[in-house]
Amino acid sequence: MSEHSSKPVAVVTGGAGFLGSHLSDRLLAEGYRVVCVDNLITGSMSNVGHLQKNPDYTFIRQDVTQELDVKGPVNLVFHFASPASPIDYLELPIQTLKVGALGTHKTLGLARAKQARFLLASTSEVYGDPLVHPQPETYWGNVNPIGPRGVYDEAKRFAEAMTMAYHRYHGVDTRIVRIFNTYGPRMRPNDGRVVPAFIVQALRNEPMTVFGDGRQTRSFCYVSDLIEGIYALARSSHHEPVNIGNPSEMTILQFAEKIRTLCGSSSEIVHKPLPVDDPKIRQPNIQKAKSLLGWEPRMDLEHGLSLTIEYFRNLIRAGKV
Ligand code: UDP
């Protein structure tokens, strides 16, 4: 038997995306072979270029809503494929619904066939525009099913329901992580999310576009903390959803000012209309992750933002933005 075949195998759908690529790095470092499945509609080979020569890494370009055929044993399936920014799911509404619904069905089928553990990347969007604050996992949410964000929110809610059904009915060993706003290197500069938008605008001294009055809140988690929490959840034995995110909450206006200062920028702040159904508040209750996994975020916001700013500064210098 070759050395390779003795290593556990993890399949990561959406493995060329922001989170999927960081997760792949972590799994390889932990001694896994990683099979990445991605159709690259929002992911990018530039996120995984450094892995192409790694003998433990395989890239399959495929849409995960189609039948998934992975040769040989699989121990873990991480379902991370999905458009994940409001602009992406406005531009790709059908793909967003399909990957959350059909893609989750296919990847659960793969986990079942391989008797592998399955972990679903769910989202704080399942809480919609929340009426409970901060949001514990027991909150059922306040989602508009027919609004523009509904394609993502409902796809992920369906994905959670399908995951629990496979667990209860087929006995698949499943996990569900509800991911709150996360930032760090490898975010797409033009994905429309607030972190890349503000950083690129500030670095270019262009106007920073705060949507609405900027009093809506978010709580930002650095990517290494998030991956640590997800890895801990994958190794736990808990089947119900667990929030992973950073509870330090701020308004979007405060966030714009912080980024402007950290970039040493002279950008002015301008206001643009608030997108439809933009949640007014968001903060994870992470009590469950703390007690169950012994996990809590460690990265200080200013340090995490500085690392992220450096990443975007280099992209701009290289003419890649
Ligand atoms: N936002 C903003 N300016 C931008 C992009 C986003 O003010 O250029 C706001 C957006 O309205 C929301 C928050 O920042 O209130 C976070 O938006 P993002 O798209 O990053 O993710 P969300 O948390 O809404 O999924």
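This text follows the structure it describes.
Calculation notes
Residues numbered from 1 in each chain as written. Predicted model: local features only at pLDDT ≥ 70, side-chain atom pairs only at ≥ 80, totals over all residues. Heavy atoms only, no water. Helix = DSSP H or I, 4+ residues; strand = E, 2+ residues; numbered from the N terminus. Rg over C-alpha atoms; globule rule 2.2 N^0.38 Å. Buried < 20%, exposed > 50% of the residue type's maximum accessible area, 1.4 Å probe, protein only. Contact = heavy atoms within 4.5 Å. Areas by Shrake-Rupley, 256 points an atom, 1.4 Å probe, with all protein chains shown as cover. Near = heavy atom within 4 Å. Polar contact = N/O pair within 3.5 Å; in protein donor to acceptor, adjacent residues only side chain to side chain. Core = buried A, V, L, I, M, F, W, Y, C linked by side-chain atoms within 4.5 Å. 1 Å grid on protein atoms, 1.4 Å probe; cavity = no way out; pocket = protein on both sides within 12 Å on 5 of 7 lines; lining within 4 Å. Points joined across faces, edges and corners; volume = space filled by probe spheres on them. Nonpolar A, V, L, I, M, F, W, Y, C, P; charged D, E, K, R; others polar.

**With respect to the overall build of the protein**
Within the protein one finds nine helices and 13 strands. Relative to the 2.2 N^0.38 estimate, which gives 20 Å for 321 residues, the radius of gyration of the protein is 19 Å and therefore close to what a compact globule would have. Based on the C-alpha atoms only, the size of the protein along its principal axes is roughly 60 × 45 × 40 Å. Split into buried and exposed, the 321 residues of the protein put 54% on the buried side. Taking the contacts inside the protein whose residues are at least 6 apart along the sequence as the reference set, 80% of them involve residues at least 24 apart. Here the protein has roughly 14100 Å² of accessible surface; of this, 52% comes from carbon and sulfur atoms.

**Remarks on the site of the ligand**
The ligand sits among 18 residues. The nearest are Val194, Thr209, Phe211, Arg218 and Asp278. Interatomic distance of 2.5 Å between a backbone N/O atom of Thr209 and a nitrogen atom of the ligand. Compared with its free state, where it exposes 520 Å², the ligand has 95% of that area covered by protein. Within the residue set of the shell around the ligand, elements represented by two or more residues are helix H5 (194-203) and strand S8 (208-211).

**Looking at the nonpolar core**
The biggest cluster of nonpolar side chains holds 60 residues, and the ones touching the most others in it are Leu27, Phe78, Phe80, Ile230, Phe255 and Ile259. Looking at which element gives the most residues to this core, the answer is helix H6 (residues 223-235), with seven residues.

**Let's talk about the layout of surface pockets**
Reported here for the second largest pocket is a volume of approximately 370 Å³. Among the secondary structure elements, those contributing two or more residues to the lining of the second largest pocket are helix H4 (150-170) and strand S6 (174-179). With five residues, the top contributor of residues to the lining of the second largest pocket is H4. Taken together, the residues that form the lining of the second largest pocket break down as eight nonpolar, one polar and seven charged.

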